[in-house]
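What follows is each chain in one-letter form.
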Amino acid sequence: MPSLLSALGAKLHRKVLNLALRIVERHVARQPGLFVFTYDREADTLVPITWKARGVTRVAAADGHRRPTNDFARLETVAPWAGKIVVDVGANLGGTVARFARTAAKVHALEPHPGNFAHLLDQIRIRRLDNVEPLRLAASKETGRATFYERESHGIHSLGPHNKGKVRTSYEVEVTTLDRLWDERINDRIGLLKVDVEGFEADVFEGAARLLDNRMIDVIVFEFSPRIHAIRGLPADAPLRVLRAHGYEVFTLDGRPVGAADDLGLCDLIARPAGGQ
């Protein structure tokens, strides 16, 4: 009985909190130019508030599970980027950009979604990240313009189909290749390339063929989304095939080589030039 009462109390608390947050959200929406962020001192993360109870509630470590992607604190121990050039493709709200910018020599941050890009600029301005170049661009295998699909959540907008979220609207965005971006803006060795573009990672790698062939990228960390690859009619290991074709080996964040027989779900993977070149 006590556990049942506790569960009912928690549910009631959550409902009241959600109602209160909706009232505040409507008030803030009527204030031109006013945005509300939540800042986690322990993790040093600054994100636009999610107007729900879960958005203002810390989950105890014992109650949570390690997320399959975006474990960038762990990444820093296996692929340090201090003093190096970092390219962040799919910079989203700027959380990874802020982490990279602490020690990187320069961060080139690509984010095509107008709302996400505005929050990325807020992150740069609030934190005074003078070593970040924000670019409102998508990266793919060709340059030009492409249809971009905006969904309900800020983290799952993309250039095509997705296994989550309803499409709210679509519009054209500017698209470049990493090879062209390197020619126009980077012109230096890339210490770390991070790619999180919701199942379109293979396209990004195809657009970086010259950089990959010349081993101009030391480490690549990318989101692996086999369910989206299947929806797109691609092989489940599509991005791995592109990387291997250009001389890169793929590993888990634990350093285990990923083989052709491995049946992986959603996760982050790392790629390095074969043979440690």
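Above this text you will find the structure in question.
Quick caveat: nothing in here was measured; it's all calculated off a predicted structure. (Residues numbered from 1 in each chain as written. Predicted model: local features only at pLDDT ≥ 70, side-chain atom pairs only at ≥ 80, totals over all residues. Heavy atoms only, no water.)

### Quick look at the sheet that holds strand β7 (residues 144–151)
Strands sit in the order β6-β8-β7 across an open sheet of three strands; the sheet is mixed. A single partner strand is all that each edge strand has here, and the edge strands are β6 (138–139) and β7. Sheet topology places β7 next to strand β8 (residues 167–176); eight bridges connect them, and they run antiparallel. Considered in β8, the bridge of glutamate 150 is made with threonine 169. (Pairing = 2+ DSSP bridges. Helix = DSSP H or I, 4+ residues; strand = E, 2+ residues; numbered from the N terminus.)

### What to know about the pairing of strand β9 (residues 190–195)
The element β9 is extensively covered by neighbouring structure, given that six of its six residues are classed as buried. In terms of strand pairing, strand β3 (residues 85–89) meets β9 through five bridges, oriented parallel. Following the sheet pairing, isoleucine 85 is matched in β9 by isoleucine 190. In this structure, β9 lies alongside strand β10 (residues 217–224), joined through five bridges in parallel fashion. (Buried < 20%, exposed > 50% of the residue type's maximum accessible area, 1.4 Å probe, protein only.)

### Section: the side chain of histidine 157
Here histidine 157 shows up in the loop between β7 and β8. From its side chain, histidine 157 meets the backbone nitrogen of arginine 151 in a polar contact 2.8 Å long. Setting aside chain neighbours within four positions, we find histidine 157 in contact with His113, Asn116, Phe148, Tyr149, Glu150, Arg151 and Glu198. (Polar contact = N/O pair within 3.5 Å; in protein donor to acceptor, adjacent residues only side chain to side chain. Contact = heavy atoms within 4.5 Å.)

### Some points on the sheet that holds strand β12 (residues 267–273)
Across the sheet, which stays open at both edges, the seven strands sit in the order β5-β4-β3-β9-β10-β12-β11 with mixed pairing between neighbours. With partners counted over all chains shown, the strands left at the sheet margins are β5 (132–135) and β11 (248–252), one partner each. Geometrically, the sheet is characterised by an average inter-axis angle of 15° between neighbouring strands, direction not taken into account. Where strand β4 (residues 106–110) meets β5, four bridges bridge the pair, whose relative direction is parallel. What sits directly across from leucine 110, in β5, is leucine 135. Sheet contacts for helix α5 (residues 178–186): β3, β4, β5 and β9; angle to β3, the most-contacted strand, approximately 135°. Its contacts with the sheet place helix α9 (residues 238–245) against β10, β11 and β12, and it is angled at close to 165° to β10. (Axes fitted to C-alpha atoms, helices over the stretch in contact; angles between N-to-C directions.)

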